[in-house]
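Close look at the chain arrangement
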Amino acid sequence: MEVTVSLDSVWNLIQSLSIDNQKWLADKVYEEIAHKQQKGKALVFPHRPAGKEISPEVKAMVTDRLPVDIDIEAEREKMWEEWAK
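About the cut-offs
- Residues numbered from 1 in each chain as written.
- Predicted model: local features only at pLDDT ≥ 70, side-chain atom pairs only at ≥ 80, totals over all residues.
- Heavy atoms only, no water.
- Helix = DSSP H or I, 4+ residues; strand = E, 2+ residues; numbered from the N terminus.
- Rg over C-alpha atoms; globule rule 2.2 N^0.38 Å.
- Salt bridge = Lys/Arg side-chain N within 4 Å of Asp/Glu carboxyl O.
- Buried < 20%, exposed > 50% of the residue type's maximum accessible area, 1.4 Å probe, protein only.
- Phe/Tyr/Trp six-rings, centres within 6.5 Å; stacked < 30°, edge-to-face > 60°.

1. Points about the overall build of the protein chain
- Secondary structure summary: the protein chain contains four helices and zero strands in total.
- For the protein chain, the N- to C-terminal ordering of α and β elements is α-α-α-α.
- A compact globule built from 85 residues should have a C-alpha radius of gyration of about 12 Å, whereas the protein chain, at 28 Å, is more than 25% larger.
- If you line up the protein chain on its principal axes, its C-alpha atoms span 75 × 50 × 25 Å.

2. Examining the pattern of salt bridges
- In total, this model carries four salt bridges according to the counting rule given.
- Measuring nitrogen to oxygen at the nearest pair gives 3.8 Å for the salt bridge that ties K36 to E32. With a gap of four residues between them, K36 and E32 both fall in helix α2 (residues 19-40), about one helical turn apart.
- Under the relative-accessibility criterion, K36 is labelled exposed at 54%.
- Owing to a relative accessible area of 40%, E32 belongs among the partly exposed residues under this scheme.
- With a closest N to O distance of 3.1 Å, E73 and R76 form a salt bridge. With E73 and R76 both in helix α4 (residues 72-84) and three residues apart, the pair spans about one turn of that helix.
- According to the relative accessible area criterion, R76 is partly exposed, its value standing at 40%.

3. Notes on the environment of L7
- Among the structural elements, L7 can be located in helix α1 (residues 7-16).
- Remark: the alpha-carbon pair of L7 and F45, spanning 38 residues in sequence, is separated by 40 Å.

4. A closer look at the packing of aromatic side chains
- Counted according to the given criterion, the structure contains one aromatic pair.
- Taking 5.1 Å as the distance between ring centres and 80° as the angle between the ring planes, the aromatic pair formed by W80 and W83 counts as edge-to-face. Here the residue W80 and the residue W83 both occupy positions in helix α4, the gap between them amounting to three residues, near one helical turn.
- You can call W80 partly exposed: its relative accessible area is 47%.

This is the structure:
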């Protein structure tokens, strides 16, 4: 069941509330607005043209081989010990 209420009626109802209840209602309205605005904003990532090659410098920043003599398990243990401090 849908009910239509005029904004004047809503305003009169709000004015009849105590100051604390008006503040609480205002906080809830602002939270709802902020939530809806965040929901609507999608992340926009830059796009590169389909035919453009990625430079070797950029590839080196994101993909690289690990050194041959590295002990991954020892490094992982060291990492956990540092995080535990």
